[in-house]
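Listed here are the chains, written in short residue letters.
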Amino acid sequence: MQTAVSVEAQPGHPDTPAPVQACLRCTMLGAAHPPRWPLGRGAPGSSLLAFGLISLLLGLCQSVENKCSSSNAATCTRCLALGPECGWCTQEDFMVDSLENERCDTVINLKSKGCRADSIEHPSAQLQTVSSKEASSQVTPAEVSAQLRPGASVNFLLRIQRLEKYPLDLYYLVDVSASMIASIEKLNAIGSDLSQKMLAFSPDIRFGFGSFVDKPVSPFISIHPERLKNQCSVYNKNCMPPHGFIHVLSLTNNITHFKEIVSKQKISGNIDDPEGAFDAMLQAAVCHKEIGWRKEAKRLIILMTDQTSHLALDSKLAGIVTPNDGKCHLKDNVYTRASDLEHPSLGLLGEKLVDNHIYGLFAVRGSAFNWYKDLLPLLPGTVAKKLDATTSNIKNVVVEAYQALLSETKIQVDNPMKGISVNITAICPDGSRRSGIEGCRNVQSNDKVLFNVSVTMDSCDVEGGHNYIILKPIGFNETAKIKIHRSCTCQCNNPLRHKDKCVTEVHPDCPGVPCTDSNCSSGEKEPQSENCKQSPSDSECSGRGTCLCGKCYCSKTKLGKIYGKYCEMDNFSCPYNLGKLCSGNGECNNGNCKCHSGWEGDRCQCSSSKKHCMDSNGLICSGRGSCICGKCECTNDKSFGPLCQYCSGCSNTCTDNWCVLFFFFYQQSEVL
């Protein structure tokens, strides 16, 4: 006989069996709107379906751990730190007859146990757009505000759209060492031609110019008196003095003036192959006022050279050990700190290029091109192009490089916050998905690139610091700000709310002994606090837990597990051997390995067995030494051998001469 069953499996529903209600609470942790499963009145096989559903849910219930209720969290703050699914009941008369900690649980469970909705502390993650720029903006939204609690995440879409024919600032940074004289002469002729070619990208272009050689100190330049007068004497030319960086011409749209300045440029010289390119490039990036970078323009530094660049540690060859501070040091357009600040590291240079919204083009002649090409992954927003032997292709190189840079849309996370992780996925116009730093390629000016931004709060135990994160689209002069607000404290801690409970009413280990707010939340002494110490001089719970009603509740840490009656044990702070804590042969107690039976040593790496130290007569180390870690260490100065079995002068049957001779041959055999 078939029975028609109609069940709406919902927690708290009067017709839902108790086991199913319990399991639903277990499997739908934190669900605001639990799903409904109508089984259909009179449907064939509905009894079997109902039985199968109940079995499935009970199976899931056994496999899913409710970390909220199983944590024994005794304070509201600790409960909320367990994860976004956990809530805390502040209701005064909640579970008044229970001796167990029941205030921390999932919201569904708390409601089913009788806690009123308005008495449940359960801050949710929220996201709000604080401001939005005009429709012509390239990056929207410009700012969002995220309210987070431990374990919670928020997501939003960031839209980036490049505007057509954006103003463009081109700054030529040229290596003026003697070998570059032909390239400098060619640069003099490209101003007007390049301006015409770049009209496809921008009708408003400005040109600037700067020169560099190297740090003007030995061993980068010759300090011979004759060479100091003229570094180019070997070329039979009269050179200008070597310099780290000279800003020659601020950005201008006067092409005639640009050509005049370049035509007057003199060469210089140094004695080693690498140049001070990165030193000069950083100064050109950060000296806004001097260079004349416009806020509204795309910015491109074109670095022309035929040699590699010195890196940070190279400066020590000249005794320069002060790290580059990444600041502008121009006086009368000359870099004044070239002789006492190190060359910038790649990380610092990349950071300053991104911070100042600058693209970089390495226009390189000769074999040094491959060196710059290999560095591109470390310098966001840069591209390398090869110049031909006569530098005649410089116009095409600039156009192609700028077009390639504009077609890439990438994002870098700046100003990161401790305890907050940011994950960015680019949703490209062609449908592909990549990480934010990889970004999208072949993006056209009318294409919109979307970035899915996920912000997660990992922990609350972070003090001080800033409260915002910056998302920087590389090469764009606009950014997006994410303001972070941490929900790490409970409203029930408000002194105006006297009837709310932020701590457990009672505890199973001390029934009838009240845990007052002052005792349990602030850690002040209570009658049973001494039960939380191994000795009177020790800290409560070894300083790694909270003492509540005479019992230690150990802190949680990502490093591993803390346990023991006094939180004195853990599985992470002791020495490792062969990749295992205490060699896998002991437990970690207050930073020291407590070895299992049969093992010894500070890492429990040694077997305590003496069998490998026993000679044929049953003596340990022949009676002349100690067995340490399974090997004999001879304590008699005259004894030697694996078991200390040999000894010069120890036996009356052997003369000193014979024993010395035997000892000599034994040593030789050991060497062989």
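Note that the structure is predicted; figures quoted are calculated from it, not measured.

A. A look at the overall build of the chain. The number of helices and strands found in the chain is 16 helices and 35 strands. By residue count, 46% of the 672 residues in the chain fall in the buried class. Within the chain, contacts between residues separated by at least 24 positions form 64% of all contacts whose residues are at least 6 apart in sequence. Split by element, the accessible area of the chain, about 33700 Å² in all, is 51% carbon and sulfur.

B. Representation of the pattern of salt bridges in the model. With the rule as written, the count across this model stands at 16 salt bridges. Between Arg116 and Asp118 there is a salt bridge, and its shortest N-O distance comes to 3.7 Å. Given the relative accessible area of 45%, Arg116 is considered partly exposed. Under the relative-accessibility criterion, Asp118 is labelled exposed at 65%. Residues participating in the shared-partner salt-bridge network are Asp169, Asp204 and Arg294.

C. Representation of the sheet that holds strand S3 (residues 120-121). Pairing is antiparallel across the open sheet formed by 3 strands, whose spatial order is S2-S1-S3. For this open sheet the edge positions go to strand S2 (104-106) and S3, each flanked by a neighbour on one side alone. As judged from the 3 bridges shared by strand S1 (residues 86-89) and S2, these two strands associate in the antiparallel manner. By the bridge assignment for S2, Cys86 is matched with Thr106.

D. Region of interest: the state of the cysteines. Counting across every chain of the model gives 15 disulfides. In this model, Cys428 is linked to Cys440 through a disulfide, with the two sulfur atoms separated by 2.0 Å. The sign of the -90° torsion about the S-S bond sets the Cys428-Cys440 disulfide as left-handed. On the criterion of sequence distance, the pair formed by Cys428 in the loop between strand S17 (420-427) and strand S18 (433-435) and Cys440 in the loop between S18 and strand S19 (448-457) is long-range, its members being 12 residues apart.

E. Structural detail: the pairing of strand S33 (residues 631-634). As paired elements, strand S32 (residues 625-628) and S33 share 4 bridges and run antiparallel to each other. Among the inter-strand pairings, Gly625 is bridged to a residue of S33, identified as Cys634. Taking the residues between adjacent antiparallel strands as the criterion, S32 and S33 are bridged by 2 residues, where Cys629 takes a positive phi near 55°.

F. The side chain of Ser137, seen in detail. Along the chain, Ser137 falls in the loop between strand S4 (126-131) and strand S5 (139-140). Accessibility expressed as a relative area gives 10% for Ser137, which makes it buried. Excluding anything up to four places from it in sequence, Ser137 contacts Arg159, Gln161 and Glu478.

G. View of unusual backbone geometry. Along the chain, Thr140 connects to Pro141 via a cis peptide bond; the corresponding omega equals -5°. Within the secondary structure, Pro141 is located in the loop between S5 and strand S6 (143-148). In this structure, the amide linkage connecting Ser218 to the following residue, Pro219, adopts the cis form with an omega of 10°. With respect to the helices and strands, Pro219 occurs in the loop between strand S9 (205-212) and helix H8 (225-229). Look at Asn333: it is not a glycine, yet its phi comes out positive at around 70°. Mapping Asn333 onto the fold places it in the loop between strand S12 (330-331) and strand S13 (334-335). Phi angles above zero are rare outside glycine, and Ser583 is one such case at about 60°. One can find Ser583 in the loop between strand S27 (580-581) and strand S28 (586-589). Judged by relative accessible area, which is 12%, Ser583 ranks as buried.

H. Representation of the sheet that holds strand S24 (residues 562-563) within the structure. The sheet built from 4 strands is open, its strands ordered S24-S25-S28-S29 with antiparallel pairing. Across the chains shown, the open sheet's two edge strands, defined by having one partner strand only, are S24 and strand S29 (592-595). Where strand S25 (residues 569-570) lies against S28, 2 bridges are found, and the strand directions are antiparallel. Directly across from Asp570, in S28, lies its bridge partner Cys588.

I. Examining the environment of Ser211 more closely. Take Ser211: it is sitting in strand S9. Exposure remark for Ser211: the relative accessible area of 1% places this residue in the buried category. Setting aside chain neighbours within four positions, we find Ser211 in contact with Leu173, Val174, Val176, His243, Gly244, Phe245, Ile246, Val248 and Gln265.

J. Layout of the pairing of strand S11 (residues 298-305). Within S11, 8 of the 8 residues are buried, leaving the element largely enclosed by the surrounding structure. The pairing of strand S8 (residues 168-175) with S11 spans 7 bridges and is parallel. Bridged to Tyr171 within S11 is Ile301.

K. Examining the packing of aromatic side chains more closely. On inspection of all chains with the given rule, the structure shows 10 aromatic pairs. Consider the rings of Phe278 and Phe362, whose centres lie 6.1 Å apart with planes at 55°: the pair is tilted. A residue pair is termed long-range when its members are at least 10 positions apart, and Phe278 in helix H10 (residues 277-286) and Phe362 in strand S14 (residues 358-365) qualify at 84 residues. Neither Phe278 nor Phe362 differs from the other in exposure class; each is buried. With centroids separated by 6.1 Å and ring planes inclined at 90°, the aromatic side chains of Phe278 and Tyr372 adopt a geometry described as edge-to-face.

L. View of H10. Burial analysis of H10 places 10 of its 10 residues in the buried class, which makes it a mostly covered element. The complete set of buried residues in H10 reads Ala277, Phe278, Asp279, Ala280, Met281, Leu282, Gln283, Ala284, Ala285 and Val286.

M. Spatial organisation of the packing of H10 against helix H12 (residues 346-355). Their axes nearest at 9 Å, the elements H10 and H12 cross at an angle of 25°. On the basis of their axis angle, the class for H10 and H12 is roughly parallel. Crossing hand, H10 versus H12: left-handed. From H10, Phe278, Met281, Leu282, Ala285 and Val286 reach across to H12, where they touch Leu346, Leu348, Leu349, Lys352 and Leu353.

Calculation rules
- Residues numbered from 1 in each chain as written.
- Predicted model: local features only at pLDDT ≥ 70, side-chain atom pairs only at ≥ 80, totals over all residues.
- Heavy atoms only, no water.
- Helix = DSSP H or I, 4+ residues; strand = E, 2+ residues; numbered from the N terminus.
- Buried < 20%, exposed > 50% of the residue type's maximum accessible area, 1.4 Å probe, protein only.
- Contact = heavy atoms within 4.5 Å.
- Areas by Shrake-Rupley, 256 points an atom, 1.4 Å probe, with all protein chains shown as cover.
- Salt bridge = Lys/Arg side-chain N within 4 Å of Asp/Glu carboxyl O.
- Pairing = 2+ DSSP bridges.
- Disulfide = S-S within 2.5 Å.
- Phe/Tyr/Trp six-rings, centres within 6.5 Å; stacked < 30°, edge-to-face > 60°.
- Axes fitted to C-alpha atoms, helices over the stretch in contact; angles between N-to-C directions.
- Parallel < 35°, antiparallel > 145°, perpendicular 65-115°, else oblique.
- Left-handed = near helix turned anticlockwise from the far one by under 90°.

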